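Structural overview for review
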Number of protein chains: 2
Amino acid sequence: MHSLHPLFHPTSVALVGASSDPERIGGRPLRFMLEGGFEAPLYPVNRSGDTIQGLPAYASVRDIPHPVDHAIICVPVAGVEAAVRDSIAKGVKAIQVLTAGFAEVDAEGLALQDRIVGLCRDAGVRMVGPNSLGLLNVPTRFFATFSTALNGLKPRPGPIALATQSGAFGSAAYGAASLRGLGFSKIVATGNEADVDVAECIDYLVDDPDTRVICAALESCRDGDRLRAALLKAAHAGKPVVIMKVGRTELGAAAASTHTGSLAGDDAVYATVFEECGAWRAASIEEMLDIAYLHSTTGRLPQNTDVGVVTGSGGIGILMADDAGERGLQLSPLPAAARAAALELLPFAVASNPLDMTAQVTAVPQGVPRTVALMLDQADYGTVFAYLAHVGLSPQRFAATQAELIALKQRHPHRLLVLVMLSRPEVNAALEQHGIAVFEDPSRAVQAVAALAHVHQRRSALHLPPPSTGPSAPLGNVATEDGAKRALAAAGLPVLPERICRSATEAAEAASAMGYPVVAKIVSPDIVHKTEVGGVLLNLPDAQAVAEGFATLMQRAQTARPDARLDGVLVAPMLKGGVELIAGIHRDPTFGPMVMFGSGGTAVELFKDVAFASAPLTPQRARALMERVRSTQLLRGWRGGPQYDEQALADALCRLSEFAFSHADQIESIDINPLVVRVQGAACLDAVIAVRAPAPGDSHGTH
Amino acid sequence: MHSLHPLFHPTSVALVGASSDPERIGGRPLRFMLEGGFEAPLYPVNRSGDTIQGLPAYASVRDIPHPVDHAIICVPVAGVEAAVRDSIAKGVKAIQVLTAGFAEVDAEGLALQDRIVGLCRDAGVRMVGPNSLGLLNVPTRFFATFSTALNGLKPRPGPIALATQSGAFGSAAYGAASLRGLGFSKIVATGNEADVDVAECIDYLVDDPDTRVICAALESCRDGDRLRAALLKAAHAGKPVVIMKVGRTELGAAAASTHTGSLAGDDAVYATVFEECGAWRAASIEEMLDIAYLHSTTGRLPQNTDVGVVTGSGGIGILMADDAGERGLQLSPLPAAARAAALELLPFAVASNPLDMTAQVTAVPQGVPRTVALMLDQADYGTVFAYLAHVGLSPQRFAATQAELIALKQRHPHRLLVLVMLSRPEVNAALEQHGIAVFEDPSRAVQAVAALAHVHQRRSALHLPPPSTGPSAPLGNVATEDGAKRALAAAGLPVLPERICRSATEAAEAASAMGYPVVAKIVSPDIVHKTEVGGVLLNLPDAQAVAEGFATLMQRAQTARPDARLDGVLVAPMLKGGVELIAGIHRDPTFGPMVMFGSGGTAVELFKDVAFASAPLTPQRARALMERVRSTQLLRGWRGGPQYDEQALADALCRLSEFAFSHADQIESIDINPLVVRVQGAACLDAVIAVRAPAPGDSHGTH
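Residues numbered from 1 in each chain as written. Chains lettered and ligands numbered in written order. Predicted model: local features only at pLDDT ≥ 70, side-chain atom pairs only at ≥ 80, totals over all residues. Heavy atoms only, no water.

For these two chains of identical sequence, chain B goes onto chain A by a turn of 180 degrees and a shift of 0.0 Å along the axis, with RMSD 0.1 Å. Interpreted geometrically, this transformation is the action of a two-fold axis. Most of the interface of chain B is mirrored in chain A, where 99% of its interface residues again form contacts. (Least-squares fit on C-alpha atoms with pLDDT ≥ 70 in both. Contact = heavy atoms within 4.5 Å.)

If you want it as structure tokens, here you go:
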């Protein structure tokens, strides 16, 4: 049994700090459960004893003369620790602390929070909160929350689960969903996440038989590995996770830093991790609910990103094609046989995709279902949309079409059939019961389908992290370019034959051995940015130029940095041609080593032409990373140029990622700039490795 | 009086093709008007005579024994011409042809359409259609449409006008708006636009006192100048135009071309023209209606793009900051005095922007209005948002706050106050009556405000086209690079001193006079792409190299293109440094000469780093065009580089645009690639001008 089970399935509940006033924080959970008809025993606890909201009350949890396995604590902050101790002593398995005033307030609050979570851990008790808005198990009517959103909107059971850090965010989503008639399985607000966090709730909800789709909202994440594992578990189980993480723009991140008081972390890394683990990131509450509605209605993911559109309005068809194109869907042409059949049925139709039935459809018996049938029977669209204007507002006129569409859906259970029309709730309910989703706005329909189609697609390219390695072998001296390149070469990355030379003669000999022209660069552990001291000479044509260049470089370095240790001059072949790109590693504090790949030159900054992926990469994921960078197009016969060696690039990215993953305990960052991709092969022309500062007490740091 | 007035304000109406069956196309308009209570006389016309839907019917319009000033024609296509003739003979001022089967079907239909519009023009009668769904003047209950959307949804008067080419699109927007409770002034579907088009309807609606905001939907546009003029008129009148043009992605454009059978035109040009003329382009019907709702409720545009956010949920505040950042809004910090006052009121608040009241706000009397007042009284936000969760669902609890917010709004009539909350319709209605808008979804609220804030901002940078010039002076020979550059130089663009040389000696002398190094290029009217024949030599260091280069270029050209006429070799100084950009002119068939400005090198294609503007440019609009191209950042001390001469670039763009505008009758396109911007000045290093092929019978073409 999942360790969070007692949180959601109590057999008897103590409400510590229960209030007789059904409008107060301590009174609302009790009122909601009494009104809702929660069936397990409820024991109000209040120092004044007596009766509370019609139930006998107790002065302490210890005084309850029955077993109790779940405590909801909403006493003032000063009394929380005692209430936790009492509850543990009574033998509860789960505690919710709704009281605020802990880590979110000050250091004292953090210390108190640490104490109570320590008590729970020692006792094997799971805790939600503190500073939580509570949780709901809707089918059992366990409404353990003080959210006023339940005042006007009664929870309705359904297949959507919601796990959110912020209670207010949860109330907003719950409220909007309830107004739309959507139903929930479980809702939980994790608050300060002293013990249970959103990731662990997702892990639990994957196992929950009442839950078909999981909505989640994060402001931050403490344990990246746990979040990854939970999302992957959901992906494998076929339950889509639709996740919101606010702070996606600079303005939002600035607001987030004033709100949480902590750095929000790199938003692009979150987006990458969600995608790699098969989740969908929603940009608005409405989008999240649209996707949840679509999946909870259809019970399926589109099996591909190809969509067929049947429409009675050419303009709306074009609009939906626009929306599909923007969101990475395809509209494959209607097969020839289906086109012919459509034209036989509707001679003035535009028998393409979108299939524009035109106004004549109203004159043809079963015109709509027969056209939809062509799309379903004769092509392989994962989703078929039908735009039906406002016909759902006339249930009698729509009845025959509705029955035909339901029959069609039953014949094609693996396809998504999505109607776009203005309609009445009872019409929608009848369609939804048979797995047909109905949207009012065409653009929102396409957006929701695109999300689920991509969730399906992502399942074939999930990032399955290998077990993390223990302390890694010492890296050696990677502080110089030469050392960094040697380490990368040893890891299997392509590095040119090059030599550190201690004299002009040695440099000239080395150059002659490798062939002209060559490059010469100063080597010093104290000079990271060589160009700033004039420490790089390009295109040296012969031995004399190399010998002179050696002297020049040593002199420049001594002049610019008199104190720098100089190890000599690096001589390497001068590469001509090829495409300059950049690759690197950035250690994210939450998610560990991330591979960075991007455009060379100014484009990486100017156009943000860069993408991230968790290390280590598989060959397939390396290719996917390359696809997310536009400059990869430059490798593919751009403007009549050659085909460059994409395989060599993909290999280099894999090797880099494996190296970083296996030395995650030692590496802070790696920058390979440029990484030149040639017609045959590739080469890391410059490399900088920054090692991690050893954390206090961290024996795995670098030495 | 506007010439479209009789279309919307008939004093007596003939329905030609009226049907006794209230469900048929000929029966619906009559039924809608009878049910609605249209007060002017209605005369059904039907060959069978007799009574129709309770009214006396006539065999012909000519038989009506009363004056008639408006005819609605819905007879079968074969009878339309006669009906038009009869109506004109009867003396109508306005005709709607709802019948389909004209230009949208075949050449015969087009010819018939041309005939009936000719009849109308000769008689001074304005015509909507053919193939129109009709029009509505909602306040007078003139429901002259056969749209079945009116079956379930009765039109409700309000300040929103809708002008749409596609009737189905219009029905979709009408239906969705009506379900939301939005009301309309006028609705018109222009259909085939043989006479009246959407642009002219916008022009009319600007004058309409019942209309406060204009929604429009286009599939194409025949007369770019008319559309520009109508949008500018609306901008000057302070009526926002929210416009949809489908076909904005490649997929959508492909769908559009199968639908309309014609090329959709360059979508980017439409987007540019809408922006230059102060309109807002909406991407979805829902967005269009959100903006219309916001403006029709508040009656104002935000006076700036700065917004203040008051929230009870930190997470929602960050989400709204995200949305604001994505849509070009700012969240200026709260002034110090307001911060102090906020903290005095709510000690645990995050007194920033967003101003997070936290849960404590519920404990403070008038906490919400007092915080909102701080934002309104002590700062200059054009819009203040308040996120109030679900309090609108509890009208009694919200009553005091509601009254305070209304009082605040009355004290600040020029600011937008937008509430985001779940609410009941009666609560919203009370707030809306006082100019306060209410949205359920925070992201949609921010999106709508951003649109109107940008509409306001655009008014200060409108494109006011000067009167188009008549036939322009001959361009001379612009077929060669030399000729093109001379024409541009004469127009005031910066061109390097350069000379066409006929011999090696002349070339060497010219080079010596301008100083080394130089560039040499072949000059031939038959060779447009010089690099393809090896016709460019760079970096020639001295006279000997130039003399040899002359021979090389002549020989290469003769070898590659034996038939080409060779005018000699162009010698020019070799420029070092500077930023390479591109500029040009593209003549859009609808909107005339458009200036194109973009990144040099691969970025223009790879990152679509290019923007358009209508010619001619003012200095201000040239600067605005530069801001829309990311590579303009390269001119501004990028990565420690110098500041380049932006003024020279802006001047060059202005001169180019004026040249193209004044020779619009002769120029098809101009490409300046590269246009090099230097620390001082700029230079067109290469230029190609394509002249327009003279149109048949076009005396203004090039000769």
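Picking up where we left off.
This next bit is on the pattern of salt bridges. Tallying each qualifying case throughout the model produces 84 salt bridges over all chains. Among the ionic pairs, Arg31 of chain A bridges to Glu23 of chain A, the shortest N-O distance being 3.5 Å. Taking the relative accessible area as the measure of exposure, Glu23 of chain A reaches 44% and is therefore partly exposed. In this structure, a network of salt bridges that share partners links the residues Arg180, Glu286, Asp290 and Arg444 of chain A together with Arg180, Glu286, Asp290 and Arg444 of chain B. (Salt bridge = Lys/Arg side-chain N within 4 Å of Asp/Glu carboxyl O. Buried < 20%, exposed > 50% of the residue type's maximum accessible area, 1.4 Å probe, protein only.)

On to the pairing of strand 28 (residues 667-677) of chain A, then. Residue and element names in this part refer to chain A. The pairing of strand 25 (residues 579-588) with strand 28 spans seven bridges and is classified as antiparallel. Across the sheet, residue Gly584 finds its bridge partner in strand 28, namely Asp671. As paired strands, strand 28 and strand 30 (residues 687-691) are joined by five bridges and run antiparallel to one another. The residue bridging Ile667 from the neighbouring strand is Val691, located in strand 30. (Pairing = 2+ DSSP bridges. Helix = DSSP H or I, 4+ residues; strand = E, 2+ residues; numbered from the N terminus.)

On to helix 18 (residues 481-490) of chain B. Residues and elements named next belong to chain B. Burial runs high along helix 18: seven of the ten residues are buried. Every buried residue of helix 18 is accounted for by Glu481, Asp482, Gly483, Ala484, Lys485, Ala487 and Leu488. One or two steps after helix 18, the chain reaches Gly492, where phi turns positive at roughly 100 degrees.

This next bit is on the sheet that holds strand 21 (residues 499-501) of chain A. All names here are of chain A. If you walk across this open sheet you meet the four strands as 21-24-22-23, and the pairing is antiparallel. Either end of the sheet is taken by a strand with one partner, and the two such strands are strand 21 and strand 23 (536-540). Going from strand to strand, the sheet's axes swing by 25 degrees on average, the running direction of each strand aside. In this structure, strand 22 (residues 518-523) lies alongside strand 23, joined through three bridges in antiparallel fashion. Across the sheet, the residue bridging to Val518 is Leu540, located in strand 23. Contacts from helix 18 (residues 481-490) reach strand 21, strand 22 and strand 24 (568-573), with the element oriented near 45 degrees to strand 24. Relative to the sheet, helix 19 (residues 504-514) contacts strand 21, strand 22 and strand 24, its axis offset from that of strand 21 by approximately 155 degrees. (Axes fitted to C-alpha atoms, helices over the stretch in contact; angles between N-to-C directions.)

Residue and element names in this part refer to chain A. The sheet built from seven strands is open, its strands ordered 9-8-11-10-12-13-14 with mixed pairing. Whereas interior strands pair on both sides, the edge strands pair on one side only; in this sheet they are strand 9 (142-145) and strand 14 (280-281). Bridge count between strand 10 (residues 157-164) and strand 12 (residues 213-218): five bridges; the pairing is parallel. The partner of Thr164 across the bridge, within strand 12, is Ala217. Sitting on the sheet, helix 7 (residues 198-207) touches strand 10, strand 11 (184-189), strand 12 and strand 13 (241-245), and the angle it makes with strand 12 is about 175 degrees.

All names here are of chain A. Residues Asn353 and Pro354 are joined by a peptide bond in cis, for which omega reads 5 degrees. Assignment of secondary structure puts Pro354 in the loop between strand 16 (350-351) and strand 17 (355-356). The step from Asn673 to Pro674 runs through a cis peptide bond, and the omega angle for that step is 5 degrees. Relative to the helices and strands, Pro674 is located in strand 28. A positive phi is found at Lys608, a non-glycine position, where the angle reads about 50 degrees. Looking at the element boundaries, Lys608 is found in the loop between helix 21 (603-606) and strand 27 (610-614).

Here we take up the state of the cysteines. Scanning all chains against the criterion turns up zero disulfides over all chains. Summary of cysteine pairing: Cys74 of chain A is not part of a disulfide, and the nearest cysteine sulfur, belonging to Cys120 of chain A, is at 15 Å. The closest cysteine sulfur to the non-disulfide-bonded Cys120 of chain B is located on Cys201 of chain B, 15 Å from its own sulfur. Classification of Cys120 of chain B as buried rests on a relative accessible area of 0%. (Disulfide = S-S within 2.5 Å.)

Right, let's get into the packing of aromatic side chains. Residues and elements named next belong to chain B. Inspection of the entire model under this criterion finds 15 aromatic pairs over all chains. Where Tyr43 meets Tyr58, the ring centres are 6.2 Å apart and the plane angle is 70 degrees; that geometry is what we call edge-to-face. A residue pair is termed long-range when its members are at least 10 positions apart, and Tyr43 in strand 2 (residues 42-45) and Tyr58 in the loop between strand 4 (55-56) and strand 5 (70-73) qualify at 15 residues. For Tyr58, a relative accessible area of 15% corresponds to the buried category. Measuring from centroid to centroid gives 5.5 Å for Tyr293 and Phe439, while their planes differ by 80 degrees, and the two rings are edge-to-face. One end of the pair, Tyr293, is in helix 11 (residues 285-298); the other, Phe439, is in strand 20 (residues 437-439), with 146 residues separating them in the sequence. (Phe/Tyr/Trp six-rings, centres within 6.5 Å; stacked < 30°, edge-to-face > 60°.)

Next up on the list: the nonpolar core. Leu419 of chain A together with Leu419 of chain B are the most contacted members of the largest nonpolar core, which has 315 residues in total. Those residues within four positions of Leu419 of chain A in sequence are excluded, and the remaining contacts are Ala386, Leu388, Phe398, Leu405, Leu431, Ile436, Ala437, Val438 and Phe439 of chain A. Core analysis: the next-biggest nonpolar cluster, separate from the first, contains 89 residues, Ala487 and Ala603 of chain A together with Leu475 and Leu606 of chain B among them. (Core = buried A, V, L, I, M, F, W, Y, C linked by side-chain atoms within 4.5 Å.)

Our next topic: the environment of Ile582 of chain A. Residues and elements named next belong to chain A. Note that Ile582 resides in strand 25. On the accessibility criterion, Ile582 (9% relative accessible area) is buried. Remark: the alpha-carbon pair of Ile582 and Met596, spanning 14 residues in sequence, is separated by 8.1 Å. Discounting chain neighbours no more than four positions away, the residues touching Ile582 are Met596, Phe597, Gly598, Ser599, Gly600, Val604, Ile672 and Asn673.

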